[in-house]
Each structure stands twice: as C-alpha cells, then as structure tokens.
Amino acid sequence: MSKKKKDWKIEKERLLRLDREERRKEYRRQDFISLDKIPSWREENKNNDKEEGKEVTGGGGLSDKVSLYKGDITVLEVDAIVNAANSSLLGGGGVDGCIHKAAGSCLYDECHSLNGCETGKAKITCGYDLPARYVIHTVGPVARGHVGPTETNDLTSCYQNSLRLMKEHGLSTVAFPCISTGIYGFPNEPAADIALNTVKSWIEENPDKVRRVRVLCMFKRSSCQSGQLSICSGMVCFWLS
Ligand SMILES: NC(=O)c1ccc[n+]([C@H]2O[C@H](COP(=O)([O-])OP(=O)(O)OC[C@H]3O[C@@H](n4cnc5c(N)ncnc54)[C@H](O)[C@@H]3O)[C@@H](O)[C@H]2O)c1
C-alpha cells in the first residue's frame, strides 16, 4: 500500500508548532548532531596549537564561539541550514540533492510553489524531515573559476539575503555550506573570505539579532583549510554570547 502523499502546507504548519523533543521523533535520521556537540574553534584546535606552542587567535574570544563543522549539513540540528540551490529550486545534486533527499518530498512541493529564485536572492521553506527547522535556499553565482565584481557581489548577496531571512523569521542558529564552491566553480579561498567577511559585517550592523551559533559547514578538506585561514587571520566576527 503506497504511503498517502502529505500536503506540504498542513505538514509545515504541524511541524513548526512542535517543540524540539516532539520534532526529534520526526527526523528522518536519528544520527543528528545537536549544537552542543560541535566543538568550538579553540576546543578543536587546542591540542594542535599546544604542540606548536601557539595560541589560536580569533579576535577577542572569537575562537570560543566559532565552529567549523566538517561534514554533512543535513544532520545539523540548527534553526536553519542554507541550501546552495539552482534557480529552479527544484533540487539537483551536490548539497542541494542531499538536502532534498533528507528533507523528503514536501520540500520539493513547497519549493515548487515558490516559482524559482534569482542568483544572489534567497527563499525560505520548512525543513520537514531534517533536524533543521527551516531551509534557506539561495542561488550562488556560476563562477567557473573566474571571480569578477559580478560573482563577488552575487555571492555576497547570497549570505546577506540568507541572514536577512534568518532575522525576519526570528531564527538564531544557521549553518551554511560553501556556496558556489562545488559545481558552480567558485574558488575556495575567495569564497571563504566573502562568507566570513559578509557575516562579520552583518553582525556588526545587527548586533542584537544573532544570539547563538553560526556554524560554517565545510564538506571538502580544501574548503575547510580556506575557512580556517580566514578565521585565524581574525577576519571573522560572529555572534554575541
Ligand atoms: N546535476 C545537477 O543538477 C547538479 C549536480 C551537482 C550539483 N548541483 C547543485 O549544484 C548547483 C549549485 O552549485 P554549488 O557549487 O553552489 O553547489 P554544490 O555543488 O552542492 O557545492 C557547494 C558546496 O557544498 C558542499 N557539499 C556538498 N554536499 C554537502 C553536504 N551534504 N553537506 C555540506 N556541504 C556539502 C560541496 O562540497 C561544496 O563545497 C545547483 O545546480 C545544485 O543543484 C546540481
């Protein structure tokens, strides 16, 4: 007997009313990672830095607040995960494919109702079967290895518009993948700098809005190194304690 197809509007309203304990029973995967399980930058690096005799710098205690998560964004139990989508918003591959697979068919149905998304813009849906309550879908620039003013502005807008939606929905924890650094070919180093500097500026302009963890989610080793380099150079100011 095939399972009855759920109506995404009813499912979204039902899920967003649940508290965390009730929602946890609905996660498609029970191997989710709660925020308290993600070590801070300092915790993760204290052993290496002790050996090298160097203190992790991160700008005024920042290293106690910043986390670089190396792994699958779909298992993170945060208010919202950001999807590096394409303009159709109807799924695809890469992180987009992973998120749609993990969220279930209601995500596709809600995305279908949004009529696509322009490059640099962002739209928000429910997270459905994901541990994240929401998914913020943003469309990064197709760089193919070339980074000019247009690509830089579009990628900056992806982070700004995603953070704007987080603020508008009263959310306080978000995880980003490294937008456009996969099939869209944006080089890791400039992408990490744009991500970290955009968040730093946004928090300086919205000091009272971001209260909790923002986790930058790295999937490939190379993007992780770029992200770490940017954080070590103190380019990052994240959120308030
Ligand atoms: N055949 C397709 O339609 C196809 C194929 C691949 C990717 N895509 C996707 O790629 C396009 C967007 O390009 P993009 O470079 O922004 O996205 P992307 O190719 O998904 O790569 C963005 C970043 O996300 C990382 N990533 C991949 N899976 C995960 C995961 N589970 N958790 C955390 N991070 C992950 C990936 O390593 C990269 O650093 C969209 O079309 C989207 O659908 C589509």
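Just so we're clear, the structure is a prediction, and the values are computed from it rather than from any experiment.

About the cut-offs
Residues numbered from 1 in each chain as written. Predicted model: local features only at pLDDT ≥ 70, side-chain atom pairs only at ≥ 80, totals over all residues. Heavy atoms only, no water. Helix = DSSP H or I, 4+ residues; strand = E, 2+ residues; numbered from the N terminus. Buried < 20%, exposed > 50% of the residue type's maximum accessible area, 1.4 Å probe, protein only. Contact = heavy atoms within 4.5 Å. Axes fitted to C-alpha atoms, helices over the stretch in contact; angles between N-to-C directions. Nonpolar A, V, L, I, M, F, W, Y, C, P; charged D, E, K, R; others polar. Phe/Tyr/Trp six-rings, centres within 6.5 Å; stacked < 30°, edge-to-face > 60°. 1 Å grid on protein atoms, 1.4 Å probe; cavity = no way out; pocket = protein on both sides within 12 Å on 5 of 7 lines; lining within 4 Å. Points joined across faces, edges and corners; volume = space filled by probe spheres on them. pLDDT = per-residue confidence, 0-100. Near = heavy atom within 4 Å. Polar contact = N/O pair within 3.5 Å; in protein donor to acceptor, adjacent residues only side chain to side chain. Areas by Shrake-Rupley, 256 points an atom, 1.4 Å probe, with all protein chains shown as cover. Core = buried A, V, L, I, M, F, W, Y, C linked by side-chain atoms within 4.5 Å.

(A) How the structure looks around the overall build of the protein. Of regular secondary structure, the protein possesses eight helices and eight strands. Taking all 241 residues of the protein together, 49% fall into the buried category. Taking the contacts inside the protein whose residues are at least 6 apart along the sequence as the reference set, 72% of them involve residues at least 24 apart.

(B) A look at the packing of helix α4 (residues 94-103) against helix α5 (residues 105-112). At a closest axis distance of 6 Å, the pairing of α4 and α5 adopts a crossing angle of 115 degrees. Across the interface between the two elements, Ile99, His100 and Ala103 of α4 pack against Ser105, Leu107, Tyr108 and Cys111 of α5. Split by residue class, the contact of α4 with α5 holds five nonpolar, two polar and no charged.

(C) Quick peek at the packing of aromatic side chains. Evaluated as defined, the whole model comprises two aromatic pairs. Ring centres of Tyr27 and Phe32 lie 5.0 Å apart, and the angle between their planes is 85 degrees; this geometry places the pair in the edge-to-face category. Between Tyr159 and Phe176, the aromatic rings sit 4.9 Å apart at their centres with planes inclined by 45 degrees, giving tilted as the arrangement. In this pair, Tyr159 is assigned in helix α6 (residues 149-168) and Phe176 in strand β7 (residues 174-176), connecting sequence segments 17 residues apart. One exposure class covers both Tyr159 and Phe176, and it is buried.

(D) Molecular detail of the side chain of Ser180. Secondary-structure assignment places Ser180 in the loop between β7 and α7 (188-205). Ser180 sits in the buried class, given a relative accessible area of 5%. Those residues in contact with Ser180 that sit more than four places away from it in its chain are Gly140, Pro141, Leu155, Gly185 and Phe186.

(E) Quick peek at empty space enclosed by the protein. Counted according to the given criterion, the structure contains two cavities of 30 Å³ or more. Approximately 40 Å³ is the volume found for the second largest cavity. As for the second largest cavity, its lining consists of Arg28, Arg29, Thr74, Val75, Ala102, Asp129, Leu130 and Pro131. Here the lining of the second largest cavity is composed, by residue class, of four nonpolar, one polar and three charged.

(F) Highlighting α5. Those residues of α5 not exposed but buried are Cys106, Leu107, Asp109, Glu110 and Cys111. The inward-facing, buried residues of α5 abut α1 (8-17), α4, β5 (122-126) and β6 (134-139).

(G) Quick peek at the confidence of the model for the protein. Here the protein shows a mean pLDDT of 81. Residues at 70 or above account for 75%. Below pLDDT 50 for its whole length, residues 221-241 participates in 70 contacts with residues either more than four positions away or in separate chains. What the predictor reports for the complex is a pTM of 0.87 with an ipTM of 0.96.

(H) Inspection of the site of the ligand at higher detail. Residues in contact with the ligand amount to 21 residues; listed here are only the nearest, Val95, Asp96, Ser180, Thr181 and Gly182. Between the ligand and the protein, one listed contact pairs an oxygen atom with a side-chain N or O atom of Asp96 at 2.8 Å. Contacts to the ligand include Gly182, whose backbone N or O atom sits 2.8 Å from an oxygen atom. Contact with the protein chains hides 82% of the accessible area of the ligand, taken as 800 Å² for the molecule alone. Looking at the shell around the ligand, the elements that each hand over two or more residues are β4 (80-85) and α4. Ranked by residue count, the leading element in the shell around the ligand is α4, at four residues. Class assignment for the residues of the shell around the ligand results in ten nonpolar, eight polar and three charged.

(I) Fine view of the nonpolar core. If you look at the biggest cluster of nonpolar residues, it comprises 26 residues, and the most contacted ones within it are Leu76, Val78, Ile81, Ile99, Tyr128 and Leu130. Not counting chain neighbours up to four residues away, the residues in contact with Ile81 comprise Ile73, Thr74, Leu76, Ile99, Leu130, Ala132, Tyr134, Val135, Ile136 and Ala175. Counting residues in hydrophobic clusters, the runner-up holds 24 residues, among them Ala80, Val82, Ala195 and Ile203.

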